Amino acid sequence: MKADETQFGNMLHALQERAKELNCLYQVGEILSQAERPLEELFRGIIGVLPPGWQYPHDCQARIVFEKQVFQPPDFQVTPWVQRAGIVVQDQTVGAVEVSYRQEMSKSDEGPFLKEEQRLLETIAERIASAVTQRRLRTAFEGWAAADRGAPGPREWRVVLEFLRDTDP
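Keep in mind the model is a prediction, meaning the values are calculated, not measured.

Draft legend 1. The side chain of serine 100, seen in detail. With respect to the helices and strands, the residue serine 100 is situated in strand S4 (residues 92-101). Non-local contacts of serine 100, meaning those with residues more than four positions away in its chain, are made with Asp59, Cys60, Gln61, Phe76, Gln77, Thr79, Trp81, Val82 and Phe113.

What follows is the structure, encoded as structure tokens:
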């Protein structure tokens, strides 16, 4: 009877962890869908919703490094217990999403982290990369459309060159 209760308890804990991760992913999706907001605001929102998705949310912290800018909470502490996923836009790493613990936690799959948490972090980094790509393409298309509406000739070439530079590394 004890073995069944332990197994049930383990399954319940695993399901609760997956529910937290799924909720975190939904919140990140909601934040990234706000295309009119500046990226800086989106990144600050994302670092706020990541810790509750991890196994030990009270000791968890997150930050985003993007194009030489760092977005982190004011009380962020650099620690050795960190999990990282690169933000890759058009085959170029432009930043990373990091989650870390402020203190040492018990061992899990990958140090103090669950393997599902690493997958979650990689998915979030991919979604951030997609949002950045969409913004860059939209800016390039808007510039192209403005040039097409009758802007002077040399500007048209500048827009075309900027479009090619932004879309083809």
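Draft legend 2. Region of the structure containing the packing of aromatic side chains. On inspection of all chains with the given rule, the structure shows 4 aromatic pairs. Grouped by ring-pair contacts, the aromatic residues Phe43, Phe66 and Phe71 constitute a single cluster.

Draft legend 3. Main features of the sheet that holds strand S3 (residues 82-89). In space, the 4 strands of this open sheet follow the order S2-S1-S4-S3, with antiparallel pairing throughout. Edge strands, defined here as strands with exactly one partner in the open sheet, are strand S2 (69-71) and S3. Sheet twist, expressed as the average angle between the axes of neighbouring strands with direction ignored, equals 20 degrees. Here 8 bridges tie S3 to S4, and the two strands are oriented antiparallel to one another. Across the sheet, the residue bridging to alanine 85 is valine 97, located in S4. Most of the contacts of helix H2 (residues 39-49) go to strand S1 (residues 60-66), to which it runs at about 160 degrees, and overall it touches S1 and S2.

Draft legend 4. Fine view of the pattern of salt bridges. This structure, assessed with the given rule, holds 6 salt bridges. Linking glutamate 41 and arginine 37 is a salt bridge whose minimum nitrogen-to-oxygen distance equals 3.0 Å. Judged by relative accessible area, which is 38%, glutamate 41 ranks as partly exposed. Residue arginine 63 pairs with glutamate 98 through a salt bridge whose shortest N-O separation is 2.7 Å. Taken as a pair, arginine 63 in strand S1 and glutamate 98 in strand S4 lie far apart in primary sequence, 35 residues in all. Assigned by exposure class, arginine 63 and glutamate 98 land together as buried. Each of Arg63, Arg84 and Glu98 takes part in a single network of salt bridges with overlapping partners.

Rules used in this analysis
- Just so you know, the residues in each chain are numbered from 1, in the order the chain's sequence is written.
- Where totals are concerned, whole chains, interfaces and linings use all residues; where local detail is concerned, this predicted model gives features only for residues with pLDDT of at least 70, and gives and counts side-chain atom pairs only at 80 or more.
- Here the side-chain values reflect all heavy atoms present in the structure, with hydrogen atoms and water set aside.
- We count a stretch as a helix when DSSP gives it H or I for four or more residues in a row; a strand needs E for two or more, and each element gets its number in order from the N terminus.
- We call two residues contacting when some pair of their heavy atoms lies within 4.5 Å.
- Here a Phe, Tyr or Trp ring, Trp counted by its six-membered ring, pairs with any other such ring whose centre lies within 6.5 Å, and the pair is stacked when the planes are under 30 degrees apart, edge-to-face when over 60, and tilted otherwise.
- Two strands are counted as paired when DSSP detects at least two bridges linking them.
- For helices, the axis comes from a line fit to the C-alpha atoms of the stretch in contact; other axes are also lines fit to C-alpha atoms, and the angle between any two N-to-C directions lies between 0 and 180 degrees.
- Throughout this description, the term salt bridge denotes a Lys or Arg side-chain nitrogen within 4 Å of a carboxyl oxygen of Asp or Glu.
- Each residue is placed in one exposure class: buried if its accessible area under a 1.4 Å probe, protein chains only, is under 20% of its type's maximum, exposed if it is over 50%, and partly exposed if it falls in between.

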